[in-house]
Amino acid sequence: MYQADMASIPDIIKKKRDGGKLNNEEIKTFIQAVTTKDIQECQIGAMLMSIWQKGMVSSEIETLTREMMSSGEVMSWPKEWAGHVVDKHSTGGVGDKVSLVLAPALAACGCKVPMISGRGLAHTGGTLDKLESIPGFNVHQSPEQVQKILSSVGCCIVGQTESLVPADRVLYALRDATSTVDSLPLITGSIISKKGAESLCALVLDVKFGRAALYKDLDSAKELAQSLVTVGNRLGMRTGAVLSRMDTTIGRCVGNSLEVVESLETLKGNGPEDLMELVTTLGGILLMLTGLVSGLSEGSRRISEAVIGGAALSKFQAMMEAQGVAKEAIQSLCSTHSDYFSVLKKSEHQTELKTPKDGKKNYYDLDVVKNSLNQLGAVAELASCSVSLFLNSEFRVSVGKPIADRDAPIRLGHKVSRKPDGPGAKALDFRTSSHGSVTTKTKANVSWTIGSIAIVLVPFGQV
């Protein structure tokens, strides 16, 4: 153990606890101690809580992120890929299947996309959980395998390797245990350190706000977006952010296998409008940041053409094969009239949530859906840290569409045979909710508003 470093850890914790600004060496000492395990777990927890309570200034967050990024392997790519390695990150949304469509669409447009994704933390799965509902899909790939797949396909979606940002794995687990998950400096450090270790040229961030998001209001989401964009740019990535509403599900399907089905339908040109809006907007920004297009509208159009024209589906097929899915399964999933559940698992039972009266669906109360899923078996599944592949929900009536008395706009899929009671059985509230445009002004010098998405960009080098 490094006795000098160990002796300084309590002083570093005390300084931050009392609201002091940590210098570069103090932050470096802390992250090195976390990485080498030369620090007690209780000390890490105390530091996390001190950061949560007192915050960090921009220079501290940048140093924290840089040291976390440097705590493990930093990927390197062939010189001919310079300027074309890109990725996207979302702060989390219900039914967020954007990555499954966006990664192959970007590859079809000439980008290299080493998408390192995560698992779900709530009643729905993360991107890795969704892909693992496809039999044979292997999200565990070495850096050498990732580069091989990128060379042949152009995109891959994998989990974090043991050697990539090891400090983050320790801090992330303890953030959950110490209720410091929503700390802006710690969120920024976690997200940007992993993307920095990918050696990206460009990064776009989808920062959610609303009822079903980590940040409920626009102002707090805007603050997070600005922090992520600022630090990303200072670490050498051309970084942009989108602020998008998360009041209801993205698309109509929630649940791993159903979201794969909806993603495949989107790649076949049959996707829901809100999902396509996110895909084309995020993809358009990345094409613009790489210089492959001159503006956002051109970038969005190219992404749309890649999806509607079938080029993105071809890339998704190639990615599935490169990551272990059998050719027969790929052909079945990607055919024009696919019987998806000849390959994917299907829920054994279905329960419909009905409406109590005529009206217009202003939004889906996702807490009601979550409670219903929990009553139908999700609690037991999640308690064992295993997100079920067979728990899902399908939203059969779009927001803003009329709905008739006793219609069943939500269908739940589950394992056990029983009906929800309590709050979940009270059907769905008809609360008024605005789904208009979002207008925002930030420190960034470029901003647009498109539909329900507010885009905030800070051009590279101007932070």
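Anyway, here's the lowdown on the structure attached to this text. The structure presented is a predicted model; accordingly, all values stated were derived computationally and were not measured.

Once that is clear, we can look at the packing of helix α2 (residues 24–36) against helix α4 (residues 58–69). In the contact formed by α2 and α4, the axes pass within 9 Å of each other and the chain directions differ by 35 degrees. Where α2 crosses over α4, the handedness of that crossing is right-handed. Between α2 and α4, the residues in contact are N24, I27, K28 and I31 and E60, T63, L64, E67 and M68, respectively. Of the residues assigned to the contact of α2 with α4, the class counts are 4 nonpolar, 2 polar and 3 charged.

In terms of residue burial, strand β1 (residues 86–90) counts as a mostly covered element, since 4 of its 5 residues are buried. The pairing of β1 with strand β4 (residues 202–209) spans 5 bridges and is classified as parallel. Bridge assignment links S90 to a residue of β4, and that residue is D206.

This paragraph deals with the nonpolar core. Of all hydrophobic cores here, the largest spans 119 residues; its most connected members are L106, I134, I192, L205, F316 and M320. Examining the composition of this core, we find that 10 residues originate from one element, helix α12 (residues 273–290), more than from any other. Ignoring anything within four residues of it in the chain, the contact list for M320 reads I134, F137, V325, I330, L333 and C334.

Below, the discussion takes up helix α13 (residues 296–308). Taking 1.5 Å per residue, 13 residues should reach 18 Å; α13 reaches 18 Å between its end C-alpha atoms and fits that length. Along α13, the residues classified as buried are L296, G299, S300, I303, S304, A306 and V307. For α13, the buried positions fall inside an angular range of 160 degrees around the axis, keeping them on one side. Along α13, the residues that are exposed and aim more than 90 degrees away from the buried face are S297 and I308. Of the residues flanking the end of α13, it is G310, one or two places downstream, whose phi is positive at about 100 degrees.

Rules behind the numbers
Residues numbered from 1 in each chain as written. Predicted model: local features only at pLDDT ≥ 70, side-chain atom pairs only at ≥ 80, totals over all residues. Heavy atoms only, no water. Axes fitted to C-alpha atoms, helices over the stretch in contact; angles between N-to-C directions. Helix = DSSP H or I, 4+ residues; strand = E, 2+ residues; numbered from the N terminus. Left-handed = near helix turned anticlockwise from the far one by under 90°. Contact = heavy atoms within 4.5 Å. Nonpolar A, V, L, I, M, F, W, Y, C, P; charged D, E, K, R; others polar. Buried < 20%, exposed > 50% of the residue type's maximum accessible area, 1.4 Å probe, protein only. Pairing = 2+ DSSP bridges. Core = buried A, V, L, I, M, F, W, Y, C linked by side-chain atoms within 4.5 Å. Expected span 1.5 Å × (residues − 1). Arc of directions from axis to C-beta.

Functional significance is not addressed by these values, which are geometric in nature.
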